[in-house]
There are 4 protein chains.
Amino acid sequence: MGRVARPAPQARARLLISCLLTSEERIHMKRIGVLTSGGDGPGLNPCIRAVVRMGIHLGMSVMGIRRGYAGLIAGEIEELTLRSVGGILGRGGTFLSTSRSAEFTTPQGQLTALRNLHRFDIEGLVVIGGNGSLTGAQKLHEQGVKVIGLPGTIDNDLGGTDITIGVDTALNTILDAVDKIKDTASSHNRAFIIETMGRNCGYLALMGALAGGAELALIPENNDISLEAVSNLLKDVYVRGKNHCIIVVAEGWKPGTAALAAYLNAQKEQQGFEVRTTVLGHVQRGGSPTAYDRILATRLGAAAAEALYAGRSGVMIGWIDGKIAETPLEEVIKPTNKIKPDVLRLARVMER
Amino acid sequence: MGRVARPAPQARARLLISCLLTSEERIHMKRIGVLTSGGDGPGLNPCIRAVVRMGIHLGMSVMGIRRGYAGLIAGEIEELTLRSVGGILGRGGTFLSTSRSAEFTTPQGQLTALRNLHRFDIEGLVVIGGNGSLTGAQKLHEQGVKVIGLPGTIDNDLGGTDITIGVDTALNTILDAVDKIKDTASSHNRAFIIETMGRNCGYLALMGALAGGAELALIPENNDISLEAVSNLLKDVYVRGKNHCIIVVAEGWKPGTAALAAYLNAQKEQQGFEVRTTVLGHVQRGGSPTAYDRILATRLGAAAAEALYAGRSGVMIGWIDGKIAETPLEEVIKPTNKIKPDVLRLARVMER
Amino acid sequence: MGRVARPAPQARARLLISCLLTSEERIHMKRIGVLTSGGDGPGLNPCIRAVVRMGIHLGMSVMGIRRGYAGLIAGEIEELTLRSVGGILGRGGTFLSTSRSAEFTTPQGQLTALRNLHRFDIEGLVVIGGNGSLTGAQKLHEQGVKVIGLPGTIDNDLGGTDITIGVDTALNTILDAVDKIKDTASSHNRAFIIETMGRNCGYLALMGALAGGAELALIPENNDISLEAVSNLLKDVYVRGKNHCIIVVAEGWKPGTAALAAYLNAQKEQQGFEVRTTVLGHVQRGGSPTAYDRILATRLGAAAAEALYAGRSGVMIGWIDGKIAETPLEEVIKPTNKIKPDVLRLARVMER
Amino acid sequence: MGRVARPAPQARARLLISCLLTSEERIHMKRIGVLTSGGDGPGLNPCIRAVVRMGIHLGMSVMGIRRGYAGLIAGEIEELTLRSVGGILGRGGTFLSTSRSAEFTTPQGQLTALRNLHRFDIEGLVVIGGNGSLTGAQKLHEQGVKVIGLPGTIDNDLGGTDITIGVDTALNTILDAVDKIKDTASSHNRAFIIETMGRNCGYLALMGALAGGAELALIPENNDISLEAVSNLLKDVYVRGKNHCIIVVAEGWKPGTAALAAYLNAQKEQQGFEVRTTVLGHVQRGGSPTAYDRILATRLGAAAAEALYAGRSGVMIGWIDGKIAETPLEEVIKPTNKIKPDVLRLARVMER
């Protein structure tokens, strides 16, 4: 089937499905569960809240499963009420906790998970997470569980959605850091290397560089820039009289921040600029979600509850071309490239 | 032609036109101008910067016109270089200044404007602003000037774009205020009326309420809610045991914040909650632009310079369905409704 | 006795009293209570947390009283554990809620309050609040209850302390608003009147103006500036070529913001600037407390628990000349002037 | 004389000297210079602004020297007007640039500096910086130049002041990072090591830990805590059921963050928590200064201009016990300990 967007538009945009379905189409699910899994990020709480509120609105009860698949196996499951999700909208992280579960990758682990779903009368499951988490969701789907996936990761490395929940907040955290480092870089006439998260995806680095007015972004999707070329860029920026030079590097870029810093420091005399490095690290995962992330998380979370209610399974609810869209989980977890060539070219022009 | 989006997709998405056109198609414009007009908002500076940088990249010189149409008439025009737009990316407001010009609405004013464009050898003009500003742009277009409009307003009340430059920053400012007021409301068991900007458009209020977890949004697009119904909502929220109730009101909603506050205070005994009012005011127009606004402004600004370079005129460059799109200025300035029914319904569900 | 600072230094700086007292001096209080009362502000949560943590550290149990004196009368009292105050450090408002209690001003109300303290075995009480709240604390002290007051108000209008808990956060919120409004003022060549809170104290307005680089602060402590003089200032600022003029006005300043705005708008032609008004309102009471407020609240809160433990009563723990200091409650609630003449003069020089 | 604070209080608190001196006492300096030197930090711009504004107010002209002592040697000197310092109040870094100058440590370098001061008719100099910069200032003072030092460093490692300019902003940046990392730590049940700046001073780490509610601060002033003890703390925190453990480490603490992380990761099984590390780095030096820093910088900067005007030299203007105070430069640059024992003990109690 592939990413449903192009070939099968009729399958997309099932927003507020409950309103569109005739009563016979409805599955009358009575109880669903929700869990967050894998790396955390901002926006997971608003997402859980939306699943709960829409679920209850549709007449279902919603069970919260703690610590992702690990908690599903361990049976750490309790009902979530409107009150359980009161006051969490603005908080970072996930109040359900999250984890990576090695046990869930085993047949025995999955079996225990299935038994617990049955034991707690959970008829459908919303899984919020990234690549690994949705791979697990697909596994459950294949074993007959009704599962809807939601893209919760700051890495923006999933198919089936233009942007994932948490990216906007992480981007603003990166921007704040770039702005601050530019202050000190300008005061000292220095060059700075700033390393962002994103695993193998350069989205955060490229967009952070574009928004922050950095002089260069180095990303895995475009790693044909030699260390020598970077050094020449520094020289060029120096000669043109700028008092700083900011290079944003994606953690997945090869040969990596440390190699770059070593090379540039060895070329210090030729470049004019001294070089410093900052690895932003886990601050990018925290913080109160931005308006964009809260709204995106709320829309997708609500749509996931509706989709389960309507009997859908095996798909992720994402955001494509400004609309809610469903894509089969098996498509979503394939390698994808979120870097559009036109944005890459635009970045090159703006970096001057 | 109408909003190009639906009927004529072939006219849309002319991103990076310069790369797509054959050399004969190019107009080889040598000098363009850029102005900001009307109400200001965050993101205007990154937008000007992108026009300048892309303009220079394409081999054109770019003239900055101060104080909008008033400065065009007064001849306050000077060249912008890469250095002129250095360091402005993160600043609120517009370094070119803006104004509303009564004189420009007269034939004499427009004549002087045309003469100044000619005198400064400006072959094409980028106008960044809202409804009134783009109406002026259309006037210039009708008189033969090559003009490209850009949607710069926090009100999000233009056609031809899903979102306008400045909205995301204003929304986060509103969200910050809602979060803060919720702190004090909860501490005192109070209800708060928070008035947002937006002129006749309820977008900021509705989205601010959705992101902030407000109990109600009152917007012009949906003003069939009686004062009595609002009072009953307060009562209901109180009875359900919540320790606060936040109502976000768009400035364009009738009968208005003052009438609402007066009514609710008169019903104080019945509702449980005391009511306070905060009018957010001009803070919504300021502040360093968010990552989203900087990126949107950069993309649209660059596309405007390219469009002029390619000889386009009489259109606004906007953002529709996740892509850059052109729409005739005459369509853009018609009344539009940015409130999607599904979001309105979602808001109702989430407000519970 | 008066403010103990000058005449009786030996009575001051009883920080960490528990460590200094010999065992005979200790009172071995077993259970204390804590309440927040009056207007809320940032820093109340860290303050409660410190009372609880230090109280428990000293071997006492700590009871939380909800909704200030109203909850004391109504018996809304429960034990606070280390876990009760986990995760509240960064939250605005007060998780114990607050209120103004008319009933507590009556002998009957106070009697009920006393009976409840007795009923819950509360031997000592920490009252966090402003003028009215500490007046109530003095009343309880006079009736034999061991009471320690803490200065929790953004108004900074108490004696016995150089600064009150919440002021620093409120000041940064005001500063953020001034910075944002300056963006839009500069873009439009406008003058803005920004009204701050502070009741009869001009501290927030004066310091907000100084930090924000405003052109004028109007405060109750210095209200000999005529409306005409303000208008002349605007004219002067305009003539000197500034593109904005910001006037920060304390809510307690007479004749008030509305009268000022009316006057200035009538003089528009003479001044050059159009004038807009923003009343900041209750956002000043909310928000995650700053580092300064969290640390101040923690130090004072801990010292209050220690002071009760050591048998002290009838005093407020404040911050004078960079040190913790005790002052009798009856001194604290007298009218005080927090505006130092040198700061006022400095502001005048900087405003140029 | 020594740090004037304790032995010679009569020499202190020369606030607004210009107002206190009789006209004969005044030195009628006509032109002063100002430079920022060494590591940068937030608050330098408001500080320069205050020197300029107060200087001009007193009838002097003020010359800005770029790039610290390096620019003084190279003759990069130009006049600063009221307009030069317009709009810089809220910007991070220093618009005069800063540097560490090896040349200035040589007799030849100092000779050239002296000649340039003479050449530009600069009769007095304000030096804003940390330890190294004020050592240089003392050198100039010894050679007959009228010099006033100001404490501009985020490290808070100078004598003669309770707090240095930039500390409050850096502390809030650290707090923001601690809050964000706590989000992700709680979501994953992890322990985090967060390394702050501060050179040999643990102030930022200790206060950041206190404000952020960290479970432990490791600082050079108190390095008798063994790695084993830290590991036991983690275990203890885990057993008590907390879902995170935050350890804030000063960069000057031995054996250092890397050794700690290696040790704790080796003990993972015993502790319950996995451990991650974040080195905050140069973001701590940037950002718009807080209200506290802007006010402190403004007060000290203005006092420095007044002190020069009054003919003072060889002292640093600092902030002691809530008041402006002068201390001889030679005292200021001696090793100092900013960690008060009572705060350290308080931190231990609160960390529970």
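Computed from a predicted model, the values in this text were never measured in an experiment.

Calculation rules
Residues numbered from 1 in each chain as written. Chains lettered and ligands numbered in written order. Predicted model: local features only at pLDDT ≥ 70, side-chain atom pairs only at ≥ 80, totals over all residues. Heavy atoms only, no water. Domains from an automatic or database assignment. Contact = heavy atoms within 4.5 Å. Buried area = accessible area lost by both parts, 1.4 Å probe. Salt bridge = Lys/Arg side-chain N within 4 Å of Asp/Glu carboxyl O. Polar contact = N/O pair within 3.5 Å; in protein donor to acceptor, adjacent residues only side chain to side chain. Nonpolar A, V, L, I, M, F, W, Y, C, P; charged D, E, K, R; others polar. Helix = DSSP H or I, 4+ residues; strand = E, 2+ residues; numbered from the N terminus. Least-squares fit on C-alpha atoms with pLDDT ≥ 70 in both.

**Quick notes on the domain arrangement of chain A**
All names here are of chain A.
- Segmentation of chain A into domains returns domain 1 (9-166 + 289-332) and domain 2 (167-285).
- Using only C-alpha atoms to locate each centre, domain 1 and domain 2 end up separated by 35 Å.
- Residue-level contacts link 18 residues of domain 1 with 13 residues of domain 2.
- Of the roughly 1,300 Å² buried between domain 1 and domain 2, counting both surfaces, carbon and sulfur atoms make up 52%.
- Between the two partners, domain 1 and domain 2, sit one salt bridge.
- Between Asp 157 and Arg 199 there is a salt bridge, with its nearest N and O atoms 3.0 Å apart.
- Our enumeration of links across domain 1 and domain 2 arrives at eleven residue pairs in polar contact (both at pLDDT 80 or more).
- In terms of residue class, the side of domain 1 that touches domain 2 is built from six nonpolar, eight polar and four charged.

**Brief notes about the interface of chain A and chain B**
- In this complex, chain A contributes 45 residues to the contact, which on the side of chain B involves 45 residues.
- With both chains or domains summed, chain A and chain B bury close to 3,800 Å², and 60% of this area falls on carbon and sulfur atoms.
- Joining chain A to chain B, the criterion identifies six salt bridges.
- Between Asp 179 of chain A and Arg 294 of chain B there is a salt bridge; the shortest N-O distance is 2.8 Å.
- In this assembly, chain A and chain B are joined by 16 residue pairs in polar contact (both at pLDDT 80 or more).
- For the side of chain A that touches chain B, the secondary-structure elements that each account for two or more residues are helix H2 (44-57), helix H6 (167-188), helix H7 (203-212), helix H11 (291-309) and helix H13 (341-351) of chain A.
- Here the side of chain A that touches chain B is built from residues that sort into 20 nonpolar, nine polar and 16 charged.

**Considering the relation of the copies chain A and chain B**
- Superposing chain A onto chain B takes a rotation of 180 degrees combined with a translation of 0.0 Å along the rotation axis, leaving an RMSD of 0.0 Å. Look at the turn and shift together and you get a two-fold axis relating the two. Residue Asp 321 of chain A, judged by its C-alpha, is the member of chain A lying nearest the rotation axis, at 2.2 Å.
- Take the interface residues of chain A: 100% of them recur as interface residues in chain B, which is what a same-surface contact looks like.

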